[in-house]
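# Observations on the model geometry
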Amino acid sequence: MTTLGMRGPVRIRREHAAVLVTFGLLVAMFAAGSIVYPGFGSGQVVVDLFIDNGFLLVIAIGMTFVILTGGIDLSVGAVAALSAMLCAFLLEQWHWPVAAVLPLVLLVGIGFGFGMGYVIHHFEIQPFIATLAGMFLARGLCFVISIDQISITNPFFTEWAQTRIPLGEETNLTPTVLIGLAVLAGAFWTLHYTRFGRAVYAIGGSAQSALLMGLPVARTRIGAYMVSGLCSSLGGLLFAFYTISASGLHEVGTELDAIAAVVIGGTLLTGGSGYVVGTALGVMLLGTIQTMLRFQGTLSSWWTRIAIGVLLLLFILLQRLLGSSRTRR
Amino acid sequence: MPGAVLEMIGVSKGFPGVRALADVDFRLFPGEIHALMGENGAGKSTLIKVLTGVHAADAGEVRLGGDRVSVTGPQHAQTLGISTVYQEVNLCPNLTVAENVFIGREPSKAGAIRWREIRRRAAELLTRFHVDVDPGVRLGACSLAIQQLVAIVRAVDISAKVLILDEPTSSLDRDEVEQLFTVMRRLRDDGVAILFVSHFLDQVYEVSDRMTVLRNGRLVGEFPTADLSRIDLVGHMTGRMLSTLEQLHVPEETARVQAEPVLKAQGVGRRGSIAPFDLEIHPGEVVGLAGLLGSGRTEAVRLMFGADVADSGTVALGGKPVSLRGPNIAIDHGVAFCPENRKSEGLIEDLTVGENIVLALQAANGWLRPLSQAKRQELVGRYMTALRINPADPDMPARNLSGGNQQKVLLARWLITQPKLLILDEPTRGIDVGAKAEIQKLVVSLAEDGVAVLFVSAELEEVLRISHKIEVLRDRRLIAEIGNIGSVTPEGILEIIANGTTS
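Residues numbered from 1 in each chain as written. Chains lettered and ligands numbered in written order. Predicted model: local features only at pLDDT ≥ 70, side-chain atom pairs only at ≥ 80, totals over all residues. Heavy atoms only, no water.

### So, the pattern of salt bridges
Residue and element names in this part refer to chain B.
- Applying the stated criterion across every chain, the model contains 24 salt bridges over all chains.
- Between Lys 13 and Asp 58 there is a salt bridge whose closest N-O contact spans 3.7 Å. Here Lys 13, found in strand S1 (residues 6-15), pairs with Asp 58, found in the loop between helix H1 (44-51) and strand S4 (59-64); they are 45 residues apart in sequence, far enough to count as distant.
- Note that Arg 297 is salt-bridged to Glu 426, the shortest N-O span being 2.9 Å. With a gap of 129 residues between them, Arg 297 in helix H9 (residues 297-305) and Glu 426 in the loop between strand S19 (421-425) and helix H15 (433-448) connect regions that are remote in the sequence. Both residues of the pair, Arg 297 and Glu 426, count as buried.
- When salt bridges that share partners are traced, they join Arg 27, Glu 32, Arg 210 and Glu 222 into one network. (Salt bridge = Lys/Arg side-chain N within 4 Å of Asp/Glu carboxyl O. Helix = DSSP H or I, 4+ residues; strand = E, 2+ residues; numbered from the N terminus. Buried < 20%, exposed > 50% of the residue type's maximum accessible area, 1.4 Å probe, protein only.)

This is the structure we're talking about:
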C-alpha cells in the first residue's frame, strides 16, 4: 500500500486506515480460505476473482468518482445492461461492425452520465432521485430493444471470451483482467495527478468552498457522472464478453454491489475522502466471500448477501469512528 | 499619501424594503489596515458584497487604482486583485494545506500535477508569512487560526492588492489573533491594502490604522484610529451622542434577592459564542442584558434556554442543578423563551392566533392529551384579552397581525404555560411605540406577580426603565453587573461598553 503513496498527495494518514483495514481483512479472509479449503490458495483463484468481478470492478471505479464528489449513481447497473443490450442488438440484428458498435455504446454511457450530471447540477436535483430516474429509463430502454435475451455470435466476442493469456504455468489471464487493471490505473492517475481529479476531491470536501476558490464545479460534477456512465458502459460490455449474451434482466442490483464495494473500500459516502485502490480491494473482498461460499459448497448463495450486509455495517461504523475522532480535533 | 487603491463613490444599494447602503463613500489606501465599523445591519456586509461583486450597486461607482470597474462576482474580483477571506473558512478540509493553497492553479507538466513543486512552493509561502504548519497535513486537522491563515496565504498568493478580512477573529483565541495580526502587519508593510471587519473594539484599536464608520447604511465618517476615542466610536456606531436622554422611573431594589434564585448559572459559556459567565435571577426580578449588537446577548440567553448547549459551567434552575441539553428540558423546568426573530424562530404564521397561543401548552402536555376545545377557547380568550391582542379574533392567521400583536401572541404562548423564568430576546424590536409601552408594562406586572424575567434589548433606555439589575456584555463577554439604582444612566452604560470598565 505504501508504495502508492511515495510521491503523490498520499501519505500514511488516517484516511488510509479504512483502506488498510480492508486490505487486512482481504488477506485474512484469503488466508483462512487457503487453510480450510484445499486448492483455494492458488494463483488462479486470485485471477478468477478479477475475471468474475472485472465488470463490477470497472463499474465500482466509476461509482467512486461520483461518491467522492458527494453524490451517488444508482443507474450504473441499468446503464451497463443497456450498453450490453445495445451492443448485442447492433451486432446481431443490424450486423454493424464491432469497431463502430463499441465506441458508440461507450458514448451512450457517457451521454447518460452527462444527462444525469447536468440535471443534478443545474436543477439542483438530489443525485439519488436523478439517477433513480436514469436507472428506470435505462432499464426500460433495454426492454424496448428486446424483451428476450440476445445471444452474441459475433466472432470477435466469442474469440475474446475464449482468449487466455498465460501467466506462469497454471494461471491464465483474460483480456477483461487487463482492462480492469488499466481502468484502475487510469482512474488512480486521473484522481491524483489531474486538476479534474483534485477538483473531484475538493467538491466532495466542500462544494461551496470549491466554488469560491474558483474551481470549475459544474464541469467537474458533471464530469464525474460522465466517468461513471463510461465505466458502467464498459462494465456492461465486459459482462457481455463474459456471458456472450445480453439481457434486460442482467445486472439487476449491481449498483448496490458497486456502492457496497466503494464503501467497504473506505470511501466516505459524504464525499471528499477515499481511494480507487480501496474500491478495488472492496470488490476483491466481495469476490472472495463468494468464492469461499462456492468452495464450501453447501451454503446457499444468500449467505454472500448476509456477509456483505454485515461487512457494510462494520465499515460504516468504522468510518463513523474514524470520522468523529477527526472532527473532534 | 499615495492615491487610493480602491475607492467607492456615492454607492447605494437597496433591497426590497431596506436601504442597505445610501450614498456611501469609501477609500482604501495601499499599505494600510482599514477597519470597517458599525453595528449589525449598518451595511458592512453589503459594502463588502458590493466590493466583491456579490451584489451590484444601484448607484455610485467603484474605482480600482483610479479606473472605474464593475465587479461581476467573487471570481472577477479576485482577478482584479480583490480577495476576501470570510469568517467561515472557505477551503476544503479534506485536502492538505499545500493543496488548498494551490488547488485550481496547480503547477503541472504534461497534464500531470507536480506534487513536489506544490509542496516546495507552499512551504516557501508559509515560511514567508511565518505560518508554522506542515504543508502536507490535512487542513481539517489544523486549528481554525491556521486555516484562516492558509486562506489568507492563498488569497495573497493569487492577487495581492486588496485583502478583505470579514470577521476573521471571531472564533480565534488570543494567541491565534496575535498570529493573525502579525501576518496582517507584514502584508501591510508589503503594501497590501487590508479591509478588516471585527466586532471587537480592542482588536480594531490594536491593529487598524484608519476606520470608516457606518450607521443604518450611511457613512458617518472616516477617522484615523489614533484620533478617535472609543467612546466617540461607540457614539458614532450607535448614533447616540450622549445627549441627555429622557430619564424614567426606575423600580426600586427590594428584598427579593433573599429568595432562592430561579436561575443560577456559574461559569456557563460556549466556545466561539460567549465567554463563561455567572448569572443569578431571583423570582420577581427583571434582569436586563445590555450591549452592542453582536456582543453576545442572544448567545447568552440561548444557553439559558438550552437552545445552544454550553460547553462549560453549571446551571441550577429553582435550586436544582440541571443539564440543559435542549429546550424541552428548560421548558420542563418552567423556562420560556421568546426568540429575537419572531418570524423565523417563534411564530408559525400559517396557523391561527389561537393555535399559536396554545402551541407551547399543548407541547408541554404531550401530544397524547389534547386540550379540550372549551378549555382552549377559554384560555385563548383570557390571554387575548389580558394582553389586548388586536384584532381579538383567535381564528385569524397569525401572519396578518402587526408586529406588536405578533409579539403579544408569542408572549401569550409562553405565559399560558405559567413559566417561572421568562426570557425575552428583543421583544420590542420593530414594533410601534404604543405596543412597546404595553409590553414593557406587561413585563413589569409579570415581575410583580413573581415571574423572573431575563430581558434583552438594544435600547438602553428600555433596559434601564424596567430592569432591576443590568448585565453589560461586550465582545462576547459579560463585563459588568450593575444594580439599577437611580444613578445609572444610559451614558454610564455606554461608557462601560466602550471602555470595558466602570468609571
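### Re the sheet that holds strand S21 (residues 469-474) of chain B
Residues and elements named next belong to chain B.
- Spatially, the six strands line up as an open sheet ordered S18-S19-S20-S15-S21-S22, and their pairing is mixed. Two strands lie at the open edges of the sheet, namely strand S18 (335-338) and strand S22 (477-483), each paired on one side alone. Each strand of the sheet is rotated relative to its neighbour by a mean of 15°, with strand direction disregarded.
- For strand S15 (residues 286-290) and strand S20 (residues 452-456), the ladder comprises four bridges, and the chain directions are parallel. Looking at the pairing, Leu 289 lines up with Val 456 of S20.
- Against the sheet, H9 touches S15, S18, S19, S20 and S21, its axis set at about 145° to S18. (Pairing = 2+ DSSP bridges. Axes fitted to C-alpha atoms, helices over the stretch in contact; angles between N-to-C directions. Contact = heavy atoms within 4.5 Å.)

### Considerations on the packing of helix H8 (residues 195-205) of chain A against helix H10 (residues 217-243) of chain A
Residue and element names in this part refer to chain A.
- Two elements in contact, H8 and H10, have axes whose closest approach is 9 Å; the angle formed by their N-to-C orientations is 100°. With respect to each other, H8 and H10 are oriented roughly perpendicular. In this structure, H8 uses Phe 196, Ala 199, Val 200 and Ile 203 to contact H10, whose residues at the interface are Val 217, Thr 220, Arg 221, Gly 223, Ala 224 and Val 227.
- Among the residues making up the contact of H8 with H10, the classes are represented as seven nonpolar, two polar and one charged. (Parallel < 35°, antiparallel > 145°, perpendicular 65-115°, else oblique. Nonpolar A, V, L, I, M, F, W, Y, C, P; charged D, E, K, R; others polar.)

### Some words on a nonpolar patch on the surface
Residues and elements named next belong to chain A.
- Among the surface-exposed residues, Phe 114, Tyr 118, Val 119, Phe 123, Ile 125, Phe 128 and Ile 129 lie close enough to one another that they form a single nonpolar patch of about 640 Å² accessible area.
- Put simply, the parts of the chain that give the nonpolar patch at least two residues each are helix H4 (98-122) and helix H5 (127-145).
- At three residues, the largest contribution of residues to the nonpolar patch is made by H4. (Patch = residues over 30% accessible without salt bridge, like charges linked within 9 Å, V, L, I, M, F, W, Y side chains within 5 Å. Areas by Shrake-Rupley, 256 points an atom, 1.4 Å probe, with all protein chains shown as cover.)

### Comments concerning the interface of chain A and chain B
- With 30 residues of chain A at the contact, the number on the chain B side is 29 residues.
- When chain A packs against chain B, the two sides together hide about 2400 Å² of surface, and 51% of this comes from carbon and sulfur.
- At the junction of chain A with chain B, the criterion picks out two salt bridges.
- In this structure, the salt-bridge partner of A:Arg198 is B:Glu99, at a minimum N-O distance of 2.4 Å.
- Where the side of chain A that touches chain B is concerned, the elements lending two or more residues are helix H7 (175-193), H8 and helix H9 (207-212) of chain A.
- Ranked by the residues each element gives to the side of chain A that touches chain B, the list is headed by H8(A), at seven residues.
- Considered class by class, the residues forming the side of chain A that touches chain B number 10 nonpolar, 11 polar and nine charged. (Buried area = accessible area lost by both parts, 1.4 Å probe.)

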